Amino acid sequence: MDLLSGTYIFAVLLACVVFQSGAQEKNYTIREEMPENVLVGDLLKDLNLSRIPDKSLKSPMQFKLVYKTGDVPLVRIEEDTGEIFTTGARIDREKLCAGISTDTQCFYEVEVAVLPDEIFRLVKIRFLIEDINDNAPLFPTTVINISIPEHSAINSIYVLPAAIDPDVGINGVQNYHLITSQNVFGLNVTETPEGDKMPQLIVQKELDREEKDTYVMKVKVEDGGSPQRSSTAILQVSVTDINDNHPVFKEEEIEVSIPENAPVGTSVTQLHATDADIGENARIHFYFSNLVSNTAKRLFHLNATTGLITIKEPLDREESPSHKLLVLASDGGSTPAKAMVLVNVTDVNDNVPSIDIRYIINPTNGTVVLSENAPLNTKIALITVTDKDADHNGRVTCFTELDIPFRLRPVFSNQFLLETASFLDYESTKEYAIKLQATDAGQPPLNESSMLFIKLKDENDNAPVFTQSFVSLSVPENNFPGIQLTKVSAKDADSGPNGEISYLLGTDAPPEFDLDPRTGMLTAVKKLDREKQETYLFTVLAKDNGEPPLTSNVSVFLSVIDQNDNSPVFTHNEYNFYVPESLAKHGTVGLITVSDPDYGENSAVTLSIVDMNDYFTIDSETGVIQPNISFDREKQESYTFYVKAEDGGRVSRSSSAKVTINVVDVNDNKPVFIVPPSNYSYELVLPSTNPDTEVFKVIAVDNDTGMNAELRYSIVGGNTKDLFEIDEVTGNITLKEKCVVTDLGLHRLLVKAQDLGQPDSLFSVVIVNLFVNESVTNATLINELVHKNIESPVTQNIEIADTSSPISDYVKILVAILSGIITVIVAIFIAAVVRCHQAPHLKAAQKNKQNSEWATPNPENRQMIMMKKKKKKKKHSPKNLMLKCVTIEETKTDDVDNDGNSVTLDLPIDLEEQTMGKYSWSTTPTTFKPDSPDLARHYRSSSPQPAFQIQPETPLNSKHHIIQELPLDNTFVACDSISKCSSSSSDAYSVSDCNYPVTTFEAPVSVHARPVDIWIHLSLVEDENKITTVLGKLDAE
């Protein structure tokens, strides 16, 4: 167990040494007699070296075959690709492996060094030489003589000499044949324990010497190669008298050991054989079998009579450590006795170690030329030390002298790499004679030494060194071109051309400088300007004339000293400042910026105002201009003066700039809306209108100018359903999406117009009423709703939502209609009674009336306004017009969605002459059809409610009132297509002039699940005169 552990540890250590040394092994197989330039292998691929990128190596990868000087290698290797090819040298297995037993494989070994040093590895390549059938088997002699007794029994066996074939395996001897045997003899083939084929002659018939004493035949031997090779020999059999006893060896196998230094004549062994016969038949003859090698026959002598084996020539264990001697003992008969003698040659320390130097760097005249710049671990040669002795006598150590920059590094067993151990210096030592010593472990030890010469090649390994590590200097600007600035110098430790130095400017040097390549004088070839460049930092190079040249550099820092050669510079030649007339005294008008490219006192600038009254002051350092006056744009719109800038140089320089201060007005005008003219106008939008269609355009103007007059429009309120959008620049209001049924009704948009004034912008707002419906059939109600809701928050559209079911809605509508019919009947009755009692008064009033009458709401009372009755007209005149003003209110106290909003509309009932005299009425407009009445005029009123103009003499187009059913969810408010709504003011209290055609009044009906106020408007016709009656609200459930 300890032996196995020790062997394992030794194998591991050996593997580690081989791995760390960069050693590898690779096996290939080649056939003998292979022609030249046959590809055997590819080391680059087989060793996975293709993964190493070439760009990471200092030099390209190289493969170098390492072999002993004078040897002719059987293979060659392409140095750049690592491909292995055969050479013209003959590959003869029988010659390469002579003396090796036929059952042992034959190898040929070479070493390959992989360069450069950063990837160095030593590869041992072992080529297994495959045998080919290039040798024919041969008998020891061409004529074989054998004697057979005449009384030999049938099937008696007699051994024949075996043929020898240098080839091995199937290419060796495989079979024997007997030719022309005459059926007397046969041939049998047996195999020895060593694997040799032995021919045996067999007697097949009785022999009679008196009848025939000699038989001549041919024996043929064949191998198993392809193509098969063979040879023949003549077999001559002699029939002899009876010899019935065969010799017998006392020992058939004998093993002896003898030292290799035994002298010639030393006895090896004594063979003993006996024969029971007497006389000549008992005389024994000893001889070597033809299977014994020629080497053994040369080294040993066998006494044919005594059987004593002695040493004939000196033995050499290193040449052959053992010999097999097959000895035959014959009494003249056909069957000799056999004995095998195995002679083991023991080792003695009789061989000195040998040193084999295989150069990796090819020598020149026996000397290796090595650059002094060779890096550490540069491989020079592969040293192989061998000792033919065995065991301790064959263990060899190799070493060199200690005080040299080289060392031996072990790679394989008994192989070392000679490499550099430290940096080389040609200036200190130019050449080395390295003594390699090899010593074995025998007693006494034997030594061998060999010399290896290395000569160093001088290299340009010293770069120039500047005497200064950094060069700093100062030069005044505006210098004369060509002025000498400084001189740089460097030294080079090399000699000869390697020590000659030339100077040059680095690539970063500006064109303002030049350098003498021989003297190193630095000059300024151009005038320097500190304002363009204050400092220069560049490099100066020193280069020697070596191959390749070496360079070094030093940094030069040059500072340009300032001169007062620049005047102060304003950022602008002329400054224009705009200040509001409201700027306070000593406020900031603006800032004057000035600079001076010079440095220090030459750039210290002082500012002042030239030839100007004390209107303005300027800070001499910061350049801030402040007024000492209050501005009045109406008195003076601008001020102009000059500002002077003067530097602090010894001879000062100055410059000036023009300053203009413009007094500008402030943003003090709000935008004014032109379209819509007031908050009471509205626009019809058809439900079929397509999205992105313009439905209305808002127009506003601003009396300011510039940015103060640029306006931006936006919707800031209303538009609860997000149905409309406005273009912020043009004011176009467009429909965002297609209208649905729930969108029908009046939509209120709060539109804002804001200017872009600075610093604070101003704005105005207007209400835009958009009525979504198919037509306008009840303009009066629309205007009433617009006026009543003018003061309500613009958050909800004028609509009444109903969440009741359709069945309950129809029931409520039916109830409301019935209630309305009853109310109409009662109203007709009341009107008839009133007419009867007031007919005289109405006739008198009709007589004194003009073509039109006016009713104006009382500004102080939002309740009902009563007009006093007029006198009756003549009997046959048209019936008098009765006007009553009824206050109509819609109050939703229970609806949480209404936010408590209420709508109130006051209409005149009685006209008073006193009231009529308070206003100056204009004539009726002529922009409408002749048969259409002018119901209102454009005028401004202080009342928040509009005034109405009613012409009693306008005939009605129909004598029947018209009731239009509206959708349950919305309250419709519309204008007739022939009506025109306009206003002269956009404020919340402007009066809307609307022309109301009296052809129809719609009766809007709103039905809810809870009690609500029902509004009914009817038109009555009596005696061809129109009487408009507004009836009070009815409470419907």
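Going by an unreviewed UniProt entry, the chain carries the name Cadherin domain-containing protein and comes from Aotus nancymaae. Per UniProt, the comment on the chain under Subcellular location (unreviewed entry) is "Cell membrane". Per UniProt, the chain has the following entry under Function (unreviewed entry): "Potential calcium-dependent cell-adhesion protein."

With that settled, the discussion passes to the overall build of the chain. Helix and strand counts for the chain come out as seven helices and 68 strands. A total of 1037 residues make up the chain; the buried ones form 45% of that total. Looking at the chain alone, contacts between residues at least 24 apart form 70% of all its contacts between residues at least 6 apart. Roughly 54400 Å² of accessible area belongs to the chain as shown, and the carbon and sulfur atoms make up 51% of that amount.

As a further point, take the UniProt feature "transmembrane region" (unreviewed entry) in the chain. The UniProt record annotates "transmembrane region" (unreviewed entry) at residues 813-834. Annotation note: span residues 813-834, helix share 100%, strand share 0%, distance between end C-alpha atoms 31 Å.

Summarising the sheet, strand β36 (residues 501-505) and strand β39 (residues 535-544) pair through five bridges and their orientation is antiparallel. Residue pairing for β39: Ser502 is matched across the bridge by Lys543. By the bridge criterion, nine bridges tie β39 to strand β40 (residues 551-561) in an arrangement that is antiparallel. Paired with Leu541 across the two strands is Asn553, which belongs to β40. The antiparallel pairing of β39 with β40 creates a hairpin that spans six residues between the two strands.

What follows deals with the pattern of salt bridges. Pairing of side chains with opposite charge becomes possible as their charged atoms draw close. Taken as a whole, this structure holds 22 salt bridges when the rule is applied. Across the pair Glu419 and Arg407 runs a salt bridge, and its minimum N-O distance is 3.0 Å. Taken together, the positions of Glu419 in strand β29 (residues 415-420) and Arg407 in strand β28 (residues 406-410) put the pair twelve residues apart, joining distant regions of the chain. Residue classification places Glu419 among the buried residues on the basis of a relative accessible area of 0%.

Here the focus is the packing of aromatic side chains. Two descriptors summarise a pair of aromatic rings, namely the distance from one centre to the other and the angle between the planes of the rings. The final tally for this structure, using the stated rule, is 16 aromatic pairs. Taken together, the ring pairs in this structure connect Tyr615, Phe616, Phe631, Tyr639 and Phe641 into an aromatic cluster. Over the aromatic face of Phe107 sits the side chain of Arg126, whose NZ or CZ is 4.1 Å from the ring centroid. Taking the ring centre of Phe763 as reference, the NZ or CZ of Lys752 above it sits at 4.4 Å.

Spatial strand order, β17-β21-β20: three strands in an open sheet with antiparallel pairing. The open sheet has two edge strands, β17 (267-270) and β20 (300-302), and neither has a second partner. Recorded for the sheet is a direction-independent mean angle of 15 degrees between the axes of neighbouring strands. When β20 meets strand β21 (residues 308-311), the two strands line up antiparallel, connected through three bridges. Across the sheet, the residue bridging to His301 is Thr310, located in β21.

Here is what the cut-offs are and how they apply
Residues numbered from 1 in each chain as written. Predicted model: local features only at pLDDT ≥ 70, side-chain atom pairs only at ≥ 80, totals over all residues. Heavy atoms only, no water. UniProt positions renumbered as here; feature names shortened; annotations may be inferred. Helix = DSSP H or I, 4+ residues; strand = E, 2+ residues; numbered from the N terminus. Buried < 20%, exposed > 50% of the residue type's maximum accessible area, 1.4 Å probe, protein only. Contact = heavy atoms within 4.5 Å. Areas by Shrake-Rupley, 256 points an atom, 1.4 Å probe, with all protein chains shown as cover. Pairing = 2+ DSSP bridges. Salt bridge = Lys/Arg side-chain N within 4 Å of Asp/Glu carboxyl O. Phe/Tyr/Trp six-rings, centres within 6.5 Å; stacked < 30°, edge-to-face > 60°. Lys NZ or Arg CZ within 6 Å of the ring centre and 35° of its normal. Axes fitted to C-alpha atoms, helices over the stretch in contact; angles between N-to-C directions.

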